Every structure is written in structure tokens, then in C-alpha cells.
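# Fold and contact review
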Amino acid sequence: MKRYVLPLGRVSFLVGVLCCVSVVHAQPVSPEMLAFPCMACHGPEGESQGEIPSLKGRSYNDLKNHLQAFKSMRRRGVIMNRITRGYSDEQIEALARYFSGVK
Amino acid sequence: MDVSRRQFITITGAATLSLASTPVFGQPAKKGRVVVIGGGFGGATAARYIRKLDPEIAVTLVEINPQYTTCPLGNAVMAGFVKLKSITHNYDVLRERYGVNVIHDAVIDIDPVSKTVRLQGGSELVYDRLVMSPGIGFRWGAIEGYDQAASELMPHAWKGGSQIQLLRKQLHAMPDGGVAVVTAPEIPYRCPPGPYERASLMAYYLKKYKPRCKVLVMDAKPNFPKAHLFKQGWESLYPGMVEWVSSDSGGQVIEVQAKEGILINSEGDAVKADVASVIPPQQAAKIAHVADLVDQSGWCPVELRTFESTRHSAIHVIGDSAIARPMPKSGYSANSQAKVVALAVVAYLNGNEPGEPSLINTCFSFVAPDHVVSVSAVYRFGEKGLKAVRGGGGRTFMNGDFEAEARFARSWYKNIIADTFGQRT
Ligand SMILES: Cc1cc2nc3c(=O)[nH]c(=O)nc-3n(C[C@H](O)[C@H](O)[C@H](O)COP(=O)(O)OP(=O)(O)OC[C@H]3O[C@@H](n4cnc5c(N)ncnc54)[C@H](O)[C@@H]3O)c2cc1C
């Protein structure tokens, strides 16, 4: 028996399509519901440890401008270009309002 | 669906009676009682957020183990660049700062009619809403010869705890020139990119100390998540060391002979491994089966707006146990789902309707300590159920900044631990 079997032919990548539908017209989502999932990366109430930027303590305009810049690709981020495109302009404003209001 | 006033009074009334015999339950429960089963990414997050959102709801968290060792960064512990201690967490902050009543015991039964949870230690807890995040169980025997005893020789290291150290010891003891095998199951399973992260970090360790070794990934699938990014990393960092065998090419392992270190594929070919990490097919944790919360797939069907079980009302199932397609089974998903459920449970117990959910998942995978690749998505509920938002999410670009992602992955770990257990690391 062969020591191990390795018929490694040409590898075809299934460049997976993240299957999606547009949910732009869905019901409005509460500011808390929008903000909570961000905290897994940005820390509780947006207070981060380590290299991921904190959201806590930043102004509404600062947050909104950053998020919009990521969304429109004017600014290159590590993860955020991908994430911000999941939010409408109103949702980005709601997020900026939520995190600028955290004490 | 609303909790009617009358039903509400009956529930709390019943709860008060039964609690007389359960003195550990000390919180005032003005608005209701929530029991959470499982203190992992899903359960601990749910407990913390419910208490944060509404301190008038009493929350009891039942978790078997006094400490929780995470699977995330487990492969880094295996490879030796992260200490086991730094991925081990406890429930002190949940207990002390958030007033969660943490009980270390095993849930052995749930009665969805009387809404009671029975613990191995003998006590019973009554709930108005139950949140379950008990994680996974293994389908022992699905790979012939792979049972619990075999897993002590060919560790899965897929549940946290001591198995990752066993795998680390085996890699240390491996002869130079040997073969390490990682097997990967079919979807669905916990952490879809995890087996490939494991293979990468085995190669990282072996290249340093035993450069003539090989790592073989035997896959029950014809493809795998972030494949192009992993393969690019393997070629540039560990040339010739890592080989992935697709199910089309004999990658599917159907039998093991653990004592001999032999794995047999669907074509009957035998592979001799010096170290083998067998990641077997999975299903929802045992308690979900005992409580009649699973369907024929072995996982728990839920209504994805609130993660309430479609089989029994007032029970929310989140995390790996739940069928939450298209979300992958990850710690990030479990943490996000917990927040949906926390908001829904608090709404119900205040007599309100829950709002619309919004969730995120991001999975970081280490190809090397300073080389990480990721995939993320944002999820909303629409006419066709839970879906990734079009245009949002996606993978690391092929020319992405892998070093920056590595720094982010470590920062993510600290932050999700703080967000889950309330504890800074
Ligand atoms: C190698 C590896 C790497 C990973 N890396 C990542 C990563 O980088 N990012 C990511 O997001 N995810 C990652 N994951 C996945 C992640 O670990 C899981 O998806 C996550 O743990 C699921 O959370 P959960 O709450 O569903 O279950 P768990 O975290 O497993 O928690 C379940 C808890 O319930 C308890 N329990 C079970 N039954 C009972 C009972 N009857 N009574 C009382 N308590 C009970 C268990 O003891 C356990 O503590 C990784 C997984 C692996 C294996």
C-alpha cells in the first residue's frame, strides 16, 4: 500500500459566491441591534484592546465620515471595506450616533 | 407572540414555588427568569447582555465546567505561540459584576411544558425563557473505528479542553520525516476553515523543528473555505509541506485503526500517519437531542428572526447547535446570535415584540503567526429568511495585508472574550 495517496491534479478553486439577497427594504433595525455585533471586534461598548480601533469616545462626524469612507472605498481598511457595505447610509448614521453617545 | 399578563403571572407564580427548593437562585426576578444552558461564546454572551439590558430579569447560567478553554487560538496553542492559560477563562465577572447566577452542573433534562430544567446535581430550575448554546456533539462511529477511545490516540481537539495539549505533545514527539494528517468533515461542522488553519500551524511548527515532515489534509469535501488564500499561504510559507486531498481524489476517510495510526479512504487506500487529528462529523450537543430540539439532521431548527426553536416554544437555540444557515458555525456567529436572542427575550419579558435582527460573522484563520486570512458577512432577515447582505462581506483580497489581519485577529480575540465573559484579558 502506498505510504499515502496524492493524486493532486490541478486544483480548481471554487471561488465561492457568498449567496445573498438584497435586504435593503427590510424592516428598520434598532440602533442597539445594529451596534451590538460590532462589539465582538471593537470590544464592549466599542472600547477595544489591541490594534482594532476603539469606537467609544469618538464624535458622530468622525465615526460617520470613517464608515462612509470605508464603504465608498475612499479609505482602505483591513476588514471594514467589506463590513460597511452591509449597511445603508441611515444605518451608518445610526451606528455613528450610538457609538458617539457611549459614555 | 406576546406573553399574556395571565400567563406571565402563572409562570412567575410557578417559578416562585419551585424556587423555594432551589436556594441558589438569589436574584430578584421582577420581570421573569431566564435560564441559559452552556457558558461558551453563545451562552455567556446571552447571559451578559440580558443582564446588561434589563437587571430586573434574573439569569441563571448552567455550565458543566468551572473554566472555559476556547477553540479559537487553540491551534496557536498547539503550535506553541500562544499559552493555554491565555485562552482559558472563567465566570467570575459574569457572576460578580453582572449578577448572573452561575451554576456549574450538567443539564440532564428539559421539560418544555412545565418549563423546567433538571440538573445532574438534583436541583430543578424554572424558566420563562430558556436560551441554549450547548455546542456540538460528535457522531462517534460515523468514521468506522473512531470512538471516544480512538480520539485519545487521534485527537479531534475540536471542543477546547485537554485535547489540544495532547495534539501538541504528539507533534513534539513526532519523528522528523513523519506524516501528520488532519481530516476534515463535510459541511455542516464547527468552524469551517478550522481544519486548514490546523494544517497551516502544524506546518509552521514542523518547518521550524522537523522540516522533513509533511502535513496531509484528507477532506470529505471537494473544496474548502478560503481555499485559494490557504493554498497561496502554504506555497509561499511552507513549500512542498502541505498537501490537500480532495474527496474527489480519495480524501474522504471512512475508517481508522487508531492504535496502528492508519486511516482508510473511500477507495480502500490506507494512509499511515505519525500524528493524526481526526475531526469527525458532528451534530448538536447531546442535551439538544435529549430535549427533543433536533430534527433528522441532528441539528436544531429555529425560527431565524428570534432563534426560537420551531419544535418547542420559549426555548431559543443559538450557536453551533442551531441550524442558522447561511451563517457558519463560529464563535463570532454564536456571539452575534446571542445578542439577537438577548434583545428578543428582554422584549418578550417586557411585554413587547422583538425587533428585526442584524448579525455579523468574521472568521480569522492563522496561516502563520503573522499571516491571517479572513471571511466576513453581515446578515439580515428578509422575505427569504436570514441572508447575507448583498455586496457586504467577502474574503481577504489575494494581495491583502496578512500581517495587519494577524494583529487584528489577536485584537479580535481579546475583544470578543471581553464581550462574551465581561473580562479583560
Ligand atoms: C480549532 C478551532 C478554531 C476555531 N476558531 C474560531 C475562530 O477563530 N473564530 C470563531 O468565531 N470561531 C472559531 N471556532 C468555532 C467556535 O469555537 C465555536 O463555533 C463556538 O465555540 C460555538 O459556541 P457555542 O456557544 O455554540 O458552543 P461552545 O462554545 O462549545 O459552548 C458550549 C458550552 O456548553 C456546555 N454544555 C454542553 N452541554 C451542557 C449541558 N448539558 N449542561 C451544561 N453545560 C453544557 C459546554 O461545556 C460548553 O462550555 C473554532 C473552533 C475550533 C475547533
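Residues numbered from 1 in each chain as written. Chains lettered and ligands numbered in written order. Predicted model: local features only at pLDDT ≥ 70, side-chain atom pairs only at ≥ 80, totals over all residues. Heavy atoms only, no water.

## Brief notes about the overall build of chain A
Quick note on the threshold: Numbering of helices and strands runs from the N terminus, with a helix taken as a DSSP run of H or I at least four residues long and a strand as a DSSP run of E at least two residues long. By definition in these notes, contact holds between two residues if any of their heavy atoms fall within 4.5 Å.
Broken down by element type, chain A carries five helices and one strand. Secondary structure elements of chain A, listed N to C terminal, follow the sequence β-α-α-α-α-α. Sequence separation of at least 24 residues holds for 51% of the intrachain contacts in chain A that already meet a minimum separation of 6.

## Some points on the sheet that holds strand 6 (residues 107-111) of chain B
All names here are of chain B. Put simply, the rule is: Any two strands with at least two DSSP-identified bridges between them are counted as paired. Structural elements are reduced to axes, namely lines fitted to C-alpha atoms, with helices fitted over the stretch in contact, and the angle between N-to-C directions of any two is expressed from 0 to 180 degrees.
The antiparallel open sheet is built from three strands, whose spatial order is 6-7-8. Each having just a single partner strand, strand 6 and strand 8 (124-126) make up the two edges of the open sheet. Strand-to-strand twist across the sheet, computed as the mean angle between neighbouring axes with direction ignored, equals 20 degrees. Two strands pair when backbone bridges link them, and strand 7 (residues 116-119) and strand 8 are joined in this way by three bridges, in the antiparallel orientation. From the neighbouring strand, arginine 118 faces strand 8, where its bridge partner is glutamate 124.

## As for the packing of helix 10 (residues 331-349) of chain B against helix 11 (residues 402-421) of chain B
All names here are of chain B. Condition: Each helix crossing is assigned a hand: it is left-handed if the near helix lies turned anticlockwise from the far helix by less than a right angle, otherwise right-handed if that turn is clockwise. In this classification, Asp, Glu, Lys and Arg are treated as charged, Ala, Val, Leu, Ile, Met, Phe, Trp, Tyr, Cys and Pro as nonpolar, and every other residue, Gly included, as polar.
Their axes nearest at 11 Å, the elements helix 10 and helix 11 cross at an angle of 35 degrees. For the element pair helix 10 and helix 11, the recorded crossing hand is left-handed. Here helix 10 contributes Gly331, Tyr332, Asn335 and Lys339 to the contact with helix 11, which in turn contributes Trp412, Ile416, Asp419 and Thr420. Residues belonging to the contact of helix 10 with helix 11 are distributed by class as follows: three nonpolar, three polar and two charged.

## Focus: the interface of chain B and chain A
Let me state the cut-off plainly: Buried area adds together the accessible area that both of two parts lose upon being put together, with accessible area traced by a 1.4 Å probe. For this document, the term salt bridge refers to a Lys or Arg side-chain nitrogen within 4 Å of an Asp or Glu carboxyl oxygen. Think of a polar contact as two N or O atoms within 3.5 Å of one another; within protein, one of them needs to be a possible hydrogen donor and the other a possible acceptor, and neighboring residues in sequence only count if both atoms come from side chains.
Facing the 69 residues of chain B at the interface are 51 residues of chain A. Roughly 5,400 Å² of surface becomes buried between chain B and chain A when both sides are summed, with 61% attributable to carbon and sulfur atoms. A salt bridge links arginine 82 of chain A to glutamate 405 of chain B; the shortest N-O distance between them is 3.1 Å. Viewed at the interface, chain A and chain B are joined by 18 residue pairs in polar contact (both at pLDDT 80 or more). Tallied by class, residues from the side of chain B that touches chain A come to 26 nonpolar, 23 polar and 20 charged.

## A few points about the pairing of strand 7 of chain B
Residues and elements named next belong to chain B. Of the strand pairs in this sheet, strand 6 and strand 7 are connected by four bridges, and their pairing is antiparallel. Among the inter-strand pairings, valine 107 is bridged to a residue of strand 7, identified as leucine 119. As consecutive antiparallel partners, strand 6 and strand 7 are separated by four residues, and within that stretch lysine 115 has a phi angle of approximately 55 degrees, a positive value. Linking strand 7 to strand 8, which pair antiparallel, is a turn of four residues; within it glycine 122 sits at a positive phi near 110 degrees.

## Quick look at the sheet that holds strand 17 (residues 275-278) of chain B
All names here are of chain B. Here we have four strands laid out as an open sheet, ordered 13-12-11-17, and parallel in their pairing. At either margin of the open sheet sits one strand with a lone partner, and together these are strand 13 (242-245) and strand 17. Along the sheet, successive strands turn relative to each other by an average axial angle of 15 degrees, direction set aside. Sheet analysis places strand 11 (residues 179-184) next to strand 12 (residues 214-219), joined by six bridges and oriented parallel. Residue pairing for strand 12: alanine 184 is matched across the bridge by aspartate 219.

## Some points on the pattern of salt bridges
Residues and elements named next belong to chain B. Our working rule: Relative accessibility thresholds used throughout: buried, under 20% of the residue-type maximum; exposed, over 50%; partly exposed, between the two (1.4 Å probe, protein chains only).
All chains considered together, the criterion is met by 20 salt bridges over all chains. Residues lysine 31 and aspartate 54 are paired through a salt bridge, measuring 3.0 Å at the closest nitrogen-oxygen approach. Of the two residues, lysine 31 is situated in the loop between helix 1 (5-19) and strand 1 (32-37) and aspartate 54 in the loop between helix 2 (41-53) and strand 2 (57-63); the sequence distance between them amounts to 23 residues. The residue glutamate 56 makes a salt bridge to lysine 31 at a minimum N-O spacing of 3.6 Å. With glutamate 56 in the loop between helix 2 and strand 2 and lysine 31 in the loop between helix 1 and strand 1, the pair connects residues that are 25 residues apart, well separated along the chain. Taking the relative accessible area as the measure of exposure, lysine 31 reaches 23% and is therefore partly exposed. Several salt bridges share partner residues, and in doing so they unite Lys30, Lys31, Asp54 and Glu56 into one network.

## Concerning the packing of aromatic side chains
One pair of aromatic rings is described through two measures. These are the centre distance and the angle between the planes. Which entries qualify depends on this criterion: Whether two aromatic rings pair depends on their centres lying within 6.5 Å, for rings of Phe, Tyr and Trp, where Trp uses its six-membered ring; planes under 30 degrees apart make the pair stacked, over 60 edge-to-face, and the rest tilted. For a Lys NZ or an Arg CZ to count as sitting over a ring, it must be within 6 Å of the ring centre and within 35 degrees of the ring normal.
For the structure on display, the rule yields 18 aromatic pairs over all chains. Centre to centre, the rings of phenylalanine 224 of chain B and tryptophan 234 of chain B are 6.0 Å apart; their planes meet at 20 degrees, and the pair counts as stacked. Residue phenylalanine 224 of chain B is located in the loop between strand 12 and helix 8 (227-237), and its partner tryptophan 234 of chain B is located in helix 8; the two are separated by 10 residues in the primary sequence. Seen from the ring of tyrosine 348 of chain B, arginine 129 of chain B lies directly overhead, with NZ or CZ sitting 4.0 Å from the centre. Directly above the aromatic system of tyrosine 87 of chain A lies the positively charged group of arginine 380 of chain B, at a separation of 4.8 Å from the ring centroid.

## Things to note about helix 3 (residues 60-71) of chain A
Within an α-helix, residues lying three or four positions from one another point in the same direction, as the helix has 3.6 residues per turn. All names here are of chain A. Our working rule: Expected span of a helix, by definition, is 1.5 Å for each gap between consecutive residues, and there is one gap fewer than residues.
The first and last C-alpha atoms of helix 3 sit 16 Å apart over 12 residues, in line with the 16 Å expected at 1.5 Å per residue. Leu63, Leu67, Gln68, Ala69 and Phe70 are the residues of helix 3 that are buried. Against the buried residues of helix 3 lie helix 4 (80-84) and helix 5 (89-100). Two residues or fewer after helix 3 comes methionine 73, characterised by a positive phi angle close to 70 degrees.

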